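Per-entry structural report
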Amino acid sequence: MPKFSPTFRQLQVFNIVALERNFTKASEKLHLSQPAVSLQIKQLEQSAGLPLFDRLGNKISLTEAGEEVLKCSQIIAKVLGDTEESIEQLKGFNRGRLYLSVATTAAYFISRTLADFAAAYPEVAVSLDVTNRETLLEQLDDNIPDMVVMGEAPSNKDLNSLAFKENPLVIVAEGEHSLAKRQSIPIEELRQQSFVSREKGSGTRAAIERFLESQGLHFNFIMEMTSNEAIKQSVIAGLGLGIVSAQSVELEVEMGRLVILDIVGFPILRHWYIVSRMGKKLSPVAKLFEQFLLEQHKITID
Ligand code: PGA
C-alpha cells in the first residue's frame, strides 16, 4: 500500500477546490460547509506530506505537489468515467441514468419530452438540473452533465451544438394594458414603459441586451428576477412589461391574463440548442435521449 493513499472523496473535493481556486466557491459547489472542505484538504495534505495549495489571503494556487495530485485525480476521474460507461453498455441501452441540465426557460417544454421519454424507456433514471445559461456553461466546462439544452449556441469551439426548436422572444403586458389592443407598435414607444427582466447570466437577458444594442435603444428595466414565473406574475400584477420566451407564457396568454404585444421587429427569433462537449463519449442512455429529443422535434442525426 503506498504511503499516499487518499480517499476518493478527498480527491473529488481537491479537484473542485483546484478548479475554483477558492474555498468558498468550492464549498458552495460541493454543497458542503467551508470547514468540511478545509478538513478534507488538510487530510489530503497530511497524506501527501506536503502542502498542496499556497494560500495568500483569499487567493490560493496549486503548489508543485498540488499539480501532481491534480494530474492523479484527473486520471482517476477519467478511468472511473470510462468504467461506468462500459458497465452501462453491458447493461444495455435502455438502462442507466441521464444527467441533463437545461436553461430555466427550457423547463416549459422539456417536461413534455421527459414524460414521453420516461413512458418509452421506463428503466432510464433522469437527473434534471434547471439553471441559467451562465451556470450551464460552467457545468459543461466541469464536464458535469451528459448534455445541456440552452437558448443559443456557445461560441466555445470545444462544444457540439445543434439547433432543434424555435424559441421566439416576445414582449408581454397584463391583459388590460393600454397597448394590449394596438397593432404594429413602433419599438421606440416602449422607451416610456417600465420593464421587468431576467437576471444577468440568463440567455434571455443576453439576447434582449444584444437586440437593444443593435437598435441603439435603452429600456427602463426597473427590476430583475431569476425566474420566468416571477416575471409573469409581476407583469400580471401591473409592475411593467416583460420580455420572455413565447413558450413560457402560452397558458397565461390563452387565459387572457397576459397579452403578447404586437411590436414592430418582434418576436426576436431564436432557437433551442442541444449542447455537449466535443469528444465526450456519450453514454448509451444519453445518446438515446439525444436521438429521442431530435426526433420529437423532427431533426435526425447520424
Ligand atoms: P435562460 O436561457 O433561461 O438562462 O434565459 C434560455 C435562453 O437562452 O433563452
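Heads up: these notes are all about the structure in this document. (Residues numbered from 1 in each chain as written. Predicted model: local features only at pLDDT ≥ 70, side-chain atom pairs only at ≥ 80, totals over all residues. Heavy atoms only, no water.)

**Considerations on the overall build of the chain**
In plain terms, the rule: Starting at the N terminus, helices and strands are each numbered in turn, a helix being any DSSP run of H or I of at least four residues and a strand any DSSP run of E of at least two. When a residue's accessible area, from a 1.4 Å probe over protein chains only, is under 20% of the maximum for its type it is buried; when over 50% it is exposed; and in between it is partly exposed. In this description, contact between two residues means that some pair of their heavy atoms is separated by no more than 4.5 Å. Here the Shrake-Rupley method, with its probe set to 1.4 Å, supplies the accessible areas, and only the displayed protein chains count as covering residues. Positive charge is attributed to Lys and Arg, negative charge to Asp and Glu, and no charge count is given to His or to the chain ends. Charged groups are reduced to one reference atom each: NZ for lysine, CZ for arginine, CG for aspartic acid, CD for glutamic acid.
Of regular secondary structure, the chain possesses 10 helices and 12 strands. Taken along its principal axes, the extent of the C-alpha atoms in the chain is 75 × 50 × 30 Å. The burial tally for the chain puts 44% of its 302 residues in the buried class. Within the chain, contacts between residues at least 6 apart in sequence are counted, and of these 76% link residues at least 24 apart. If you sum the accessible surface of the chain, you get close to 16,300 Å²; carbon and sulfur atoms cover 52% of it. Where the 32 positive side-chain charges of the chain centre and where its 38 negative ones centre are 3 Å apart.

**Digging into the packing of helix α1 (residues 8-20) against helix α2 (residues 23-30)**
As a reminder, the rule being used: For helices, the fitted axis covers only the stretch in contact; all axes are lines through C-alpha atoms, and the angles between them, taken along N-to-C directions, range from 0 to 180 degrees. Every angle not falling under 35 degrees, over 145, or within 65 to 115 is termed oblique; those three ranges are roughly parallel, roughly antiparallel and roughly perpendicular. By definition, turning the near helix anticlockwise from the far helix through less than a right angle yields a left-handed crossing, and turning it clockwise yields a right-handed one. In the scheme used here, Gly and all other residues not listed as nonpolar or charged are polar, with Ala, Val, Leu, Ile, Met, Phe, Trp, Tyr, Cys and Pro taken as nonpolar and Asp, Glu, Lys and Arg as charged.
Axis separation between α1 and α2 bottoms out at 8 Å; the angle between their running directions is 130°. With respect to their mutual orientation, α1 and α2 come out oblique. Note that α1 runs across α2; the crossing there is right-handed. Each of Arg 9, Val 13, Ile 16, Val 17 and Glu 20 in α1 lies in contact with α2, whose residues at this interface are Phe 23, Lys 25, Ala 26, Lys 29 and Leu 30. Looking at the contact of α1 with α2 residue by residue, the classes come out as six nonpolar, no polar and four charged.

**Quick look at the sheet that holds strand β9 (residues 220-225)**
What counts, and what does not: Should DSSP find at least two bridges between two strands, the strands are taken to pair.
Pairing is mixed in the open sheet, where five strands are placed in the order β9-β8-β10-β7-β11. Among the strands making up the open sheet, the edge pair consists of β9 and β11 (258-260). Here the average twist between neighbouring strands, direction ignored, is 35°.

**Focus on the side chain of Gln 139**
Applied cut-off: Polar contacts, as counted here, are pairs of nitrogen or oxygen atoms within 3.5 Å of one another; within protein the pair requires one atom able to donate a hydrogen and one able to accept it, and residues that are adjacent in sequence qualify only if both atoms are side-chain atoms.
Structurally, the position occupied by Gln 139 is in helix α6 (residues 133-141). Of the polar contacts made by the side chain of Gln 139, one reaches the side chain of Asp 129; its length is 2.7 Å. Residues in contact with Gln 139, not counting those within four places in the same chain, are Ser 101, Asp 129, Thr 131, Ile 144 and Pro 145.

**Let's talk about a nonpolar patch on the surface**
Heads up, the condition is: What goes into a patch is any residue over 30% in relative accessible area without a salt bridge, connected to like charges within 9 Å or, for nonpolar side chains (Val, Leu, Ile, Met, Phe, Trp, Tyr), within 5 Å. Within this document, salt bridges are pairs made up of a side-chain nitrogen of Lys or Arg and a carboxyl oxygen of Asp or Glu, the two lying within 4 Å of each other.
Taken together, the side chains of Phe 8, Ile 76 and Leu 80 define a hydrophobic patch exposed on the protein surface, amounting to about 240 Å² of accessible area. Mapping Phe 8 onto the fold places it in helix α1. Exposure remark for Phe 8: the relative accessible area of 40% places this residue in the partly exposed category.

**Topic: the site of the ligand**
Where we set the bar: Proximity criterion: a residue is near a molecule or strand once any of its heavy atoms comes within 4 Å of it.
Taken together, 13 residues form the shell around the ligand, and within it Thr 105, Ser 202, Gly 203, Thr 204 and Arg 270 come nearest. Interatomic distance of 3.0 Å between a backbone N/O atom of Gly 203 and an oxygen atom of the ligand. Burial of the ligand by the surrounding chains reaches 100%, relative to a free accessible area of 280 Å².

**Some remarks on the nonpolar core**
Heads up, the rule is: Only buried residues count toward a nonpolar core, which is a set of Ala, Val, Leu, Ile, Met, Phe, Trp, Tyr and Cys residues joined through side-chain atoms within 4.5 Å.
Counting 29 residues, the largest nonpolar core has Leu 100, Ile 110, Val 149, Phe 164 and Phe 289 as the members making the most contacts within it. Per-element accounting of this core gives the leading share, seven residues, to helix α10 (residues 284-296). Ignoring any residue separated from it by four or fewer positions in sequence, one finds Val 149 in contact with Leu 100, Ser 101, Val 102, Ala 103, Ala 106, Phe 109, Ile 110, Leu 136, Phe 164, Trp 272, Tyr 273 and Leu 293.

**Quick word on the packing of α1 against helix α3 (residues 34-48)**
In contact at an axis separation of 9 Å, α1 and α3 are set at 110° when each is read in the N-to-C sense. The pairing of α1 with α3 is recorded here as roughly perpendicular in orientation. Between α1 and α3 the crossing geometry is left-handed. Contacts between α1 and α3 involve Arg 9, Gln 10, Leu 11, Val 13, Phe 14 and Val 17 from the first element and Val 37, Gln 40, Ile 41, Gln 43 and Leu 44 from the second. A class-by-class count of the residues in the contact of α1 with α3 yields seven nonpolar, three polar and one charged.

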